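Residues per chain, in single letters:
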Amino acid sequence: SGIMLKKPVLVESLIVFVIVLFVHTVVWDRYSWCAVALAIQAFYAQFKWDRLLQLGGAVFQFRTAANSGLLPASMVIPLLGIVMKERCKAAGIVYFERFGIVVASTGMLVALFLSVIAVGITKPVPTNTCILTGIAGSIIIYTMKHSLTVSEVIEVLEVLLIFVYLSMILLYLLPRCFTPGEALLVLGGISFVLNQLIKRSLNVVEGRGDPIDFFLLVAVVGIVLLGLFFSVLFIFMDSGTWISSMFFHMMTAVLGLGVIMPWLYRLIQRNPLFWLLQFLFQTQTRVYLLVYWTFLAASACGIVFYQNAKRSSESKKHQASTITRKYFHFIVVATYVPGLIYDHQLLYVAAVLCLAVFIFLEYIRYFRIKPFGQTLRHLLSLFLDERDSGPLILTHIYLLLGMSLPVWLFPRACAPKGTLSGAGALVPYSGVLAVGVGDTIASVFGSTMGEIKWPGTKKTFEGTMTAIFAQIIAVALILIFDSNVNLNSSYAWILASVSLVSLLEAYTTQIDNLLLPLYLQIMFMA
């Protein structure tokens, strides 16, 4: 076990594997067998990616100083699909059960595709990995052939196609921003959203689907299209001048009002702006929540400006400490918890809006658009993480994503009375638990009091223990304050899943804001 402990990657893979096996024992059908095969295969392909990254043989430039993270990332989407399918099967809703199966097979194919690429560009040809990839691939494809209808197979292939195009464009334009695993997660998600949007736009049925879901789909796709358009455009133009910044704002307005608005109008059959306003001010609690959130946002901006003033007075290059960065985590927890307790729907829409604003500001900063670009760049350079080596600053977007993905992915249609039974009631809270409570407390305690380090990493034993403890306390508090949650004796399962995810946090080098909530959600839903 000496070799084992020297390599954090192995421990990380082991933890992921344990999670996969847990889900497998709960579900136990052919899809979860596929997931196990995929996990074994990804474990091998991950070593190939790691070696490619060290030798500089990978085709694109990925994020340095992190391993490829193929195994944790490639297991997320298939497992999500599988547990979603199980829940909807229990609720007896066939449409969403099929949807879960489609999600699972899409995730498997995309992950398999990445592994095949890794095997393909390794010289000399790695025979063992080839054989394993071939076996896993044939198992998965055989299962898909026997369980998917033709239209579903076509849909999976469409997603794969979009994924290939997007990954080529994005990895070419933005070097050193992702590891292969993160690229897989982010791009897979975007391509899936795009495919859903196209599919639903082509056959709009009256009353089918929630306007909120359409809002999410259109917002994500619109923002991504905007970004692609501008990055291609600013290859040919200098983006710092006044003319091009005028052009940027004009084009944003044109795309927003001329493309996104009519599209939404077609999907939800009424004026999007009026719908949004009516939605935001529907009840009194919503108005209160909005006021409270505005106050929190203002305080966050205040922290940034205060830190900046402090930096300029000290006049040397001064990085914000870990504690300062964790202020934002506290603010985010304070944002999400009331929304989760009182009004899920409002939180959903607010998170979508917030994501759009964040990414838009990131565009302005990246292209240095005239009025605010430089100042944003200056302000944010203080809070940089060692993980933002690329030209994009992504950690805050990942934080937002990690918190809101559980809310967005919550299978509302399959949940009678709005909550799932047992540990599933905690699903929307998994973001808050994993990132807001666990990660924050682990880093604060670990960096202040930690003595014993986990072998091979910078994380400490004390930090992880405190994190598990804090998450259990948080679950207890949620039980007290949120009357919808009743756990009925699944405490051991909750303890196990929280501990596993905290261990994963200690050992992974991926962006934990993105991975941890998803794994916690998978464990809770299983």
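Keep in mind the model is a prediction, meaning the values are calculated, not measured.

Colleague: I'd like a rundown of helix 6 (residues 127–147), residues and numbers included.
Modeller: When the terminal C-alpha atoms of helix 6 are compared, their 30 Å separation across 21 residues agrees well with the 30 Å that a helix rising 1.5 Å per residue should span. Taken residue by residue, helix 6 has T129, T133, A136, G137, I140, T143, M144 and S147 as its buried positions. All buried residues of helix 6 project into a common sector of 130° when viewed along the axis, lining one side. Of the exposed residues in helix 6, the ones pointing more than 90 degrees away from its buried face are T127, I131, Y142 and K145. Contacts from the buried residues of helix 6 go to helix 3 (30–55), helix 5 (94–121) and helix 7 (150–173).

Colleague: Outline the packing of aromatic side chains, listing residues and values.
Modeller: Across all of its chains, the model carries 13 aromatic pairs by this definition. Here F230 and F248 contribute two aromatic rings whose centre-to-centre distance is 4.5 Å and whose plane-to-plane angle is 40°, an arrangement assigned as tilted. In this pair, F230 is assigned in helix 9 (residues 211–236) and F248 in helix 10 (residues 242–268), connecting sequence segments 18 residues apart. The exposure classification of F230 matches that of F248, with both residues buried.

Colleague: Give a description of the nonpolar core that names residues and reports values.
Modeller: Among the nonpolar cores identified, the biggest contains 152 residues, and M75, L79, Y336, W408, L426, Y519 and F524 are the most heavily contacted of them. Residue contributions to this core peak at 12 residues, all from helix 5. Ignoring any residue separated from it by four or fewer positions in sequence, one finds Y336 in contact with L347, A351, L400, M403, S404 and V432.

Colleague: So, the pattern of salt bridges: which residues are in play, and what are the values?
Modeller: Scanning all chains against the criterion turns up seven salt bridges. Here E152 and R98 are joined by a salt bridge, their closest N and O atoms 2.9 Å apart. Remark: R98 occurs in helix 5 and E152 occurs in helix 7; sequence separation between them is 54 residues. By relative accessible area, which is 27% here, R98 ends up partly exposed. Notably, a salt bridge pairs E505 with K459, separated by 4.0 Å at the nearest N-O pair.

Conventions adopted
Residues numbered from 1 in each chain as written. Predicted model: local features only at pLDDT ≥ 70, side-chain atom pairs only at ≥ 80, totals over all residues. Heavy atoms only, no water. Helix = DSSP H or I, 4+ residues; strand = E, 2+ residues; numbered from the N terminus. Expected span 1.5 Å × (residues − 1). Buried < 20%, exposed > 50% of the residue type's maximum accessible area, 1.4 Å probe, protein only. Arc of directions from axis to C-beta. Contact = heavy atoms within 4.5 Å. Phe/Tyr/Trp six-rings, centres within 6.5 Å; stacked < 30°, edge-to-face > 60°. Core = buried A, V, L, I, M, F, W, Y, C linked by side-chain atoms within 4.5 Å. Salt bridge = Lys/Arg side-chain N within 4 Å of Asp/Glu carboxyl O.

The analysis is restricted to geometry; functional conclusions fall outside its scope.
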